[in-house]
Every structure is written in C-alpha cells, then in structure tokens.
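Coordinate analysis (summary)
Each chain, written out:
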Amino acid sequence: MNIETLLNYLLQLPVGYVWLIFLLENVLITCVVLLIGRFYYKGPYTPKEWTICIITNIINTIVTYAGFWLWKHGIVKITMGVSWNLLLDFLLLFLAMDLLMYVFHIAIHKTFLYKAVHRLHHEAVDPKPIDLFVLHPVEAFGFGSLWLLLLVVYPFNVYAIVIYLMINVIFGLAGHLGIEPIPEKILRLPLIKYLGTSTFHHNHHQDITHNFGFYTSIWDRLFKTYK
Ligand SMILES: [Zn+2]
Ligand SMILES: [Zn+2]
C-alpha cells in the first residue's frame, strides 16, 4: 500500500478511527524514540516527565488531525507521485522549518514566553531522550502551528513530507541523547559540520544564549548565536 492509497483510505474511515490511528502513530513514534534512547540513557524518568510526555502526544495527535483536516478541505495541498522533485521539496521543507523554528525559538527565549513556557523544557540541563516530549502545551502547539502554516503556503510532495517527518524525529532524538554518538572525524566533514548534532543541541541546554537552530547550525552561524 502506498501513501496515496493510505490517505484515500483514511478519508473513508469514520472520524473516530482516524483520531485513533493518529494517536497510535504518535505513541508509536514516542515508543521508538524512548526505546532507541534506552541504549544511551538507562536512568529512570519521573512521573512529571511521563505526564508531560503523554500531554505532548495528545497535542501532536491534534496537530496531525488538523493537518489531515486541512488537506481534506483543500486548504493544505500536497502533490503525489515519486520524482526527483521530491528531493527539492524535502530540502525546502527542511531549511524553511529550520529557519522558522530558529526564529520561534529565539522569540520564546527573549520574551516573557521563556519563563511562562519554554523554561519547562530547559529544566533539563543534561537532556535525556524523553525531554524531546517535555514541552509546555503552548510550545507544542506553537511548533505544530508553524508546521501547518508552511504546509498551507506551499504544495509539498507527500513523500518529501514523510521523509521530513522521519528526519525531524531523528534530529529530535539526537539532540536529547545526552551523548554524541557520531565520531569527531565525521562531524568535521564538509556539510556534516553544518548539521544540528547531539552536541549542538546539548550545548543549547547547557548555555541557553546560543544554538537556537534544530536541524542545522547555519542560522546560528549567520546571526552570530553559534557556539
Ligand atoms: Zn531540547
Ligand atoms: Zn531553548
């Protein structure tokens, strides 16, 4: 079954089932992140972390359903089919989201929103895998809204979207691993050195005045917030 068939199948399902599928999808992603994270972080998670993680999963499910609803009603348009253009679409998504999240991230650090919202995520000075989901609800909705906004303004290829979403999870996990799994030699390679590595986001948790990017360090380098 390809993605096009799957989307058309979802259109025919009762709404309740669609919600359930999206909830299961988000929970499955969280389980995979925490299971892989187990190789790197063996310590326990607190009841507070689990509670926030569950709330973030519910919000991510609402964002997923909102995206589906916007597509169903023609507000979000996506292109189907596999061609080389999907790589361009992926690159555009990757860099545009990176820039939008950089701006959003700086905004929540430099305003009253830091204390009210983002400080929760920064309770972790040495981040652990679950911290990827330890987000204030306003923040989780904020990131979700940026994502949906981008989908509304440009018709991305559906496979580019799926690849981007997978890469997004990989970067999110990497940033909260607590260690750097990639050897120093590889990190210094051209192009690779501009990616947002585990060390890059870990350093943001250690020093909240630098490294606001997520997937790349290019915006931090450009706007002099790189460390
Ligand atoms: Zn973080
Ligand atoms: Zn931050």
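If you're wondering where the values come from, they're calculated on a predicted model, not measured in any experiment.

**Some thoughts on the overall build of the protein**
- What the protein contains, in helices and strands, is 10 helices and 0 strands.
- A compact globule built from 227 residues should have a C-alpha radius of gyration of about 17 Å, and the protein, at 18 Å, falls within 12% of that.
- In terms of overall dimensions, the protein has a C-alpha envelope of 50 × 40 × 35 Å along the principal axes.
- Here the protein holds 227 residues, and 26% of them are scored as buried.
- Excluding contacts between residues fewer than 6 apart, the proportion of contacts in the protein whose partners are at least 24 apart in sequence is 68%.

**Remarks on helix α3 (residues 47-72)**
- Compared with an ideal rise of 1.5 Å per residue, which puts 26 residues at 38 Å, α3 spans 37 Å between its outermost C-alpha atoms and is within 8% of the ideal.
- Backbone geometry just downstream of α3 places Gly74 in the positive-phi region, at approximately 75 degrees.

**What to know about the packing of helix α4 (residues 85-110) against helix α7 (residues 158-175)**
- Look at α4 against α7: their axes get within 8 Å of each other, and the N-to-C directions meet at 45 degrees. By the angle class used here, α4 and α7 are oblique. Seen along the crossing, α4 lies across α7 with a hand that is right-handed. For the pair formed by α4 and α7, the contact residues are Leu86, Asp89, Phe90, Leu93 and Phe94 on the first element and Tyr159, Ala160, Ile163, Tyr164 and Ile167 on the second.
- Taken together, the residues that form the contact of α4 with α7 break down as 9 nonpolar, no polar and 1 charged.

**Things to note about the UniProt feature "transmembrane region" (unreviewed entry) in the protein**
- In this numbering, the UniProt entry assigns the feature "transmembrane region" (unreviewed entry) to residues 16-37, 49-70, 90-108, 129-150 and 156-179.
- The span residues 49-70 carries 100% helix and 0% strand; its end-to-end C-alpha distance comes to 31 Å.

**Side note on the nonpolar core**
- Within the largest apolar cluster, 19 residues are counted, with the highest numbers of intra-cluster contacts made by Phe133 and Val134.
- Going through the elements one at a time, α4, α6 (137-153) and α7 are the ones with two or more residues in this core.
- With 3 residues, the top contributor of residues to this core is α6.
- When neighbours within four sequence positions are excluded, Val134 is seen to be in contact with Glu49, Ile52, Cys53, Leu120, His121 and Ala124.
- The next biggest cluster of nonpolar side chains, apart from the first, holds 7 residues, and it includes Leu93, Phe156, Val158 and Tyr159.

**So, the UniProt feature "domain: Fatty acid hydroxylase" (unreviewed entry) in the protein**
- UniProt records the feature "domain: Fatty acid hydroxylase" (unreviewed entry) for residues 90-225 in the present numbering.
- For the annotated span residues 90-225, helix accounts for 57% and strand for 0% of the residues, and the straight-line distance between the end C-alpha atoms is 26 Å.

**Observations regarding the environment of Leu191**
- Examined against the element boundaries, Leu191 turns out to sit in the loop between α8 (184-187) and α9 (198-206).
- Each C-alpha atom of the pair Leu191 and Val103 lies 22 Å from the other, and the pair is 88 residues apart in sequence.

**Looking at the environment of Val117**
- Mapped onto the fold, Val117 is located in the loop between α5 (113-116) and α6.
- C-alpha separation for the pair Val117 and Ala140, spaced 23 residues apart in sequence, amounts to 10.0 Å.
- Contacts of Val117, omitting those with residues within four sequence positions, involve Ile108, His136, Val138 and Glu139.

Definitions and limits used
Residues numbered from 1 in each chain as written. Chains lettered and ligands numbered in written order. Predicted model: local features only at pLDDT ≥ 70, side-chain atom pairs only at ≥ 80, totals over all residues. Helix = DSSP H or I, 4+ residues; strand = E, 2+ residues; numbered from the N terminus. Rg over C-alpha atoms; globule rule 2.2 N^0.38 Å. Buried ≥ 20, exposed ≤ 12 C-beta atoms within 10 Å, placed from the backbone. Contact = placed C-beta atoms within 7 Å. Expected span 1.5 Å × (residues − 1). Axes fitted to C-alpha atoms, helices over the stretch in contact; angles between N-to-C directions. Parallel < 35°, antiparallel > 145°, perpendicular 65-115°, else oblique. Left-handed = near helix turned anticlockwise from the far one by under 90°. Nonpolar A, V, L, I, M, F, W, Y, C, P; charged D, E, K, R; others polar. UniProt positions renumbered as here; feature names shortened; annotations may be inferred. Core = buried A, V, L, I, M, F, W, Y, C linked by C-beta atoms within 7 Å.

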